[in-house]
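Survey of secondary and tertiary structure
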Amino acid sequence: MTDRFEVGMKVRREVLGDAHVDRAEAAKSDFDHPFQTLITEGAWGTLWADETISRRDRSLLTLALLAATGNFEEIPMHIRASSNTGATPDEIMQAFMHVAVYAGVPKANHAIKLAKETFKELGVET
């Protein structure tokens, strides 16, 4: 394992939580092992580990980008992670409002629906 992998795994656990990472690690196979290493080193060990901007800001950026590009599958995961990054429901709503103006109302609408469902599952009042 590389230092970047170890840093990435530490950050990944801090942001997503041990339970999520443990499930992902248990589901890893020989087939997707190279991909899991790539995202652990690249996304978590390089990007998320950089302290130039806060994890709160990265969380908001990530949610907005996922919604704007129509990559909705990971929105619930990053909504759950917001409890670890400090991004509040009101700030997340503002990020999705930016998506509505700059990338389209249908994308923002779907992201908001997913956020509401996830917050409800978490017992977070919105």
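Computed from a prediction, not measured in an experiment: that's the story for all the values here. (Residues numbered from 1 in each chain as written. Predicted model: local features only at pLDDT ≥ 70, side-chain atom pairs only at ≥ 80, totals over all residues. Heavy atoms only, no water.)

Concerning the overall build of the protein
Looking only at helices and strands, the protein has seven helices and zero strands in total. For the protein, the succession of helices and strands along the chain, N to C, is α-α-α-α-α-α-α. Relative to a compact globule of 126 residues, whose C-alpha radius of gyration would be 14 Å, the protein shows 15 Å and is just as compact. Each principal axis of the C-alpha distribution contributes one length, and for the protein these read about 40 × 30 × 25 Å. Across the 126 residues in the protein, those meeting the buried criterion constitute 34%. Considering only residue pairs separated by 6 or more positions, the protein has 68% of its internal contacts joining residues 24 or more positions apart. Counting every atom, the protein has about 7700 Å² of accessible surface; 57% of that belongs to carbon and sulfur. Mean positive and mean negative side-chain charge positions of the protein (14 and 19 charges, respectively) differ by 4 Å. (Helix = DSSP H or I, 4+ residues; strand = E, 2+ residues; numbered from the N terminus. Rg over C-alpha atoms; globule rule 2.2 N^0.38 Å. Buried < 20%, exposed > 50% of the residue type's maximum accessible area, 1.4 Å probe, protein only. Contact = heavy atoms within 4.5 Å. Areas by Shrake-Rupley, 256 points an atom, 1.4 Å probe, with all protein chains shown as cover. Lys, Arg positive; Asp, Glu negative; His and termini not counted. Charge placed at Lys NZ, Arg CZ, Asp CG, Glu CD.)

Side note on the layout of surface pockets
Its boundaries defined by the atoms lining it, the largest pocket holds a volume of some 500 Å³. If you go around the largest pocket, you meet 20 residues; those closest to its centre are Ala-43, Trp-44, Glu-74, Met-77 and His-78. Those elements that provide at least two residues to the lining of the largest pocket are α1 (3–16), α2 (18–27), α3 (33–47), α4 (55–68) and α5 (75–85). Ranked by residues supplied to the lining of the largest pocket, first place goes to α3 with six residues. (1 Å grid on protein atoms, 1.4 Å probe; cavity = no way out; pocket = protein on both sides within 12 Å on 5 of 7 lines; lining within 4 Å. Points joined across faces, edges and corners; volume = space filled by probe spheres on them.)

Thoughts on the side chain of Ser-82
Residue placement: Ser-82 occurs in helix α5. If we skip the residues at most four places from it in the chain, Ser-82 touches Ser-59, Ala-87, Ile-92 and Phe-119.

Looking at a nonpolar patch on the surface
A surface patch of nonpolar side chains, about 260 Å² in accessible area, is lined by Ile-53, Leu-61 and Leu-65. Within the secondary structure, Leu-61 sits in helix α4. For Leu-61, a relative accessible area of 47% translates into the label partly exposed. (Patch = residues over 30% accessible without salt bridge, like charges linked within 9 Å, V, L, I, M, F, W, Y side chains within 5 Å. Salt bridge = Lys/Arg side-chain N within 4 Å of Asp/Glu carboxyl O.)

Here we look at the pattern of salt bridges
For the structure on display, the rule yields nine salt bridges. In this structure, Glu-14 and Lys-10 form a salt bridge, with 2.6 Å as the shortest nitrogen-oxygen distance. Placement of the pair is Glu-14 and Lys-10 together in helix α1, with a separation of four residues, close to one helical turn. One salt bridge in this structure joins Arg-12 and Glu-25, with 3.6 Å as the shortest N-O distance. Taken as a pair, Arg-12 in helix α1 and Glu-25 in helix α2 lie far apart in primary sequence, 13 residues in all.

Observations regarding α5
The buried fraction of α5 is high, at eight of eleven residues. Along α5, the positions that sit buried rather than exposed are Ile-75, Pro-76, Met-77, His-78, Ile-79, Ala-81, Ser-82 and Thr-85. Looking at the buried side of α5, the elements it contacts are α1, α2, α3, α4, α6 (89–103) and α7 (105–122).

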